[in-house]
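Spelled out, the chains give:
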Amino acid sequence: MDHDHEHRDGKPGHSEPGGIQARVRALETILTEKGLVDPRALDRIVDAFETKIGPRNGARIVARAWSDPEFEVRLLADATEAANSMGFSSPVGAHLIAVENTPETHNLVVCTLCSCYPWEVLGLPPVWYKSAPYRSRAVMEPRAVLAEFGVALPPDTQIRVWDSTAETRFLVVPMRPPGTQGWSEERLADLVTRDSMIGTGLAKSP
Ligand code: FE
């Protein structure tokens, strides 16, 4: 399912988009004709990832980690368990690892091989995440990539790049913005952008 919805927004992003779209359509047709899948069920799954899940789940996890030191410890120890304790409709299946940004270290997530992404907490991956330039350049020149996303880090901040796989997904916990003392989790979650949880952005300032 990782690759079927790559071009719904019509943007290019893969070396042979037509080929993949055509193969996906052919596969869906065959499976439907053989009665193995219900197209309405497929639509419901896609709709769930597009409109119901989205990066809001990840933002709620980050906001809780910012507000609750015990949850933060739990999240860093076992993010799959911590995420699933929040009772989201789509439990995290793959092994989820949370990596925390600090003034010393900034974390950036990529899948160099394809497009592995923590769907359950971030929803659908952005098109650029699956593009060949991002996948190679995030590893070779992460600082330049971050600059293009508008993220300028102090020169002595180290950048750690994490390569996702089918089994292991990463969630970046961005730094909590200053000036948010006493904020509710709900309000804090509004500052947590999707890109800040991939590492190509920072949390918004209030
Ligand atoms: Fe992948």
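Please refer to the structure placed before this passage.
Below, the structure is looked at part by part. Here the structure is a predicted model, which is why all the values come from computation and not from measurement.

Reading the values: the criteria
- Residues numbered from 1 in each chain as written.
- Predicted model: local features only at pLDDT ≥ 70, side-chain atom pairs only at ≥ 80, totals over all residues.
- Heavy atoms only, no water.
- Helix = DSSP H or I, 4+ residues; strand = E, 2+ residues; numbered from the N terminus.
- Buried < 20%, exposed > 50% of the residue type's maximum accessible area, 1.4 Å probe, protein only.
- Contact = heavy atoms within 4.5 Å.
- Axes fitted to C-alpha atoms, helices over the stretch in contact; angles between N-to-C directions.
- Parallel < 35°, antiparallel > 145°, perpendicular 65-115°, else oblique.
- Polar contact = N/O pair within 3.5 Å; in protein donor to acceptor, adjacent residues only side chain to side chain.
- Phe/Tyr/Trp six-rings, centres within 6.5 Å; stacked < 30°, edge-to-face > 60°.
- Pairing = 2+ DSSP bridges.
- Expected span 1.5 Å × (residues − 1).
- Donors = N, O, S within 2.8 Å, 3.2 Å for Na, K, Ca; no water.
- Core = buried A, V, L, I, M, F, W, Y, C linked by side-chain atoms within 4.5 Å.

### Digging into the environment of Leu75
Relative to the helices and strands, Leu75 is located in helix 4 (residues 69-77). For Leu75, a relative accessible area of 1% gives the class buried. For the pair formed by Leu75 and Val99, sequence separation is 24 residues and the distance between their alpha carbons is 9.1 Å. Leave out the neighbours within four places in its chain, and Leu75 touches Ile61, Ala65, Ala82, Ala98 and Val173.

### Some details on the packing of helix 3 (residues 56-67) against helix 4
Two elements in contact, helix 3 and helix 4, have axes separated by 5 Å at closest approach and are oriented at 125°. Classed by the angle they form, the pair helix 3 and helix 4 counts as oblique. Listed contacts from helix 4 to Ile61, Arg64, Ala65 and Ser67 of helix 3 are Pro69, Phe71, Glu72 and Leu75.

### A look at the side chain of Asn101
Its location among the elements puts Asn101 in the loop between strand 1 (95-100) and strand 2 (105-110). At 2.8 Å, the side chain of Asn101 and the backbone nitrogen of Asn107 are in polar contact. With residues up to four places along the chain from it excluded, the contact list for Asn101 reads His106, Asn107, Val172, Val173, Pro174 and Met175.

### Brief notes about the packing of aromatic side chains
Scanning all chains against the criterion turns up seven aromatic pairs. Look at Trp128 and Tyr134: their rings are 5.0 Å apart centre to centre, the planes differ by 70°, and that puts the pair in the edge-to-face class. Relative accessible area serves as the criterion here: at 5%, Tyr134 is assigned to the buried category. Ring centres of Trp162 and Phe170 lie 5.2 Å apart, and the angle between their planes is 40°; this geometry places the pair in the tilted category. There is no split in this pair, since Trp162 and Phe170 are both buried.

### Things to note about the pairing of strand 2
Remember that side chains alternate between the two faces of the sheet whenever the strand is regular. Among the six residues that make up strand 2, six are buried, leaving the element largely enclosed by the rest of the structure. With burial as the criterion, each face of strand 2 is covered, one bearing Thr105, Asn107 and Val109 and the other bearing His106, Leu108 and Val110. Pairing analysis gives six bridges linking strand 2 to strand 3 (residues 158-163), with the strands arranged parallel. Bridging from a neighbouring strand, Val109 pairs with Trp162 of strand 3.

### Here's the deal with helix 3
In this model, helix 3 (12 residues) spans 16 Å end to end at C-alpha, consistent with the 16 Å of a helix rising 1.5 Å per residue. Those residues of helix 3 lying buried are Asn57, Gly58, Ala59, Ile61, Val62, Ala63, Ala65 and Trp66.

### Details of the coordination of the iron ion
Note on the iron ion: its protein donors are Cys111 (SG), Cys114 (SG), Ser115 (N), Cys116 (N) and Cys116 (SG). The metal-donor distances range over 2.1 to 2.7 Å. Spacing between the donor residues of the iron ion along their common chain follows C-x2-C-S-C. Of the two residues, Cys111 and Ser115, neither departs from the other in class, the shared state being buried.

### With respect to the environment of Val173
For Val173, the position within the fold is in strand 4 (residues 168-173). A residue is classified by how much of its surface remains accessible, and Val173, at 1% relative accessible area, is buried.

### Describing the nonpolar core
Core analysis: the largest hydrophobic core is formed by 48 residues, its most contacted members being Ile61, Leu75, Val121 and Tyr134. Tallying contributions element by element places helix 3 first for this core, with six residues. For Val121, the contacting residues outside a window of four places in its chain are Gly54, Pro55, Asn57, Gly58, Ile61, Ala83, Val92, Leu96 and Leu171.

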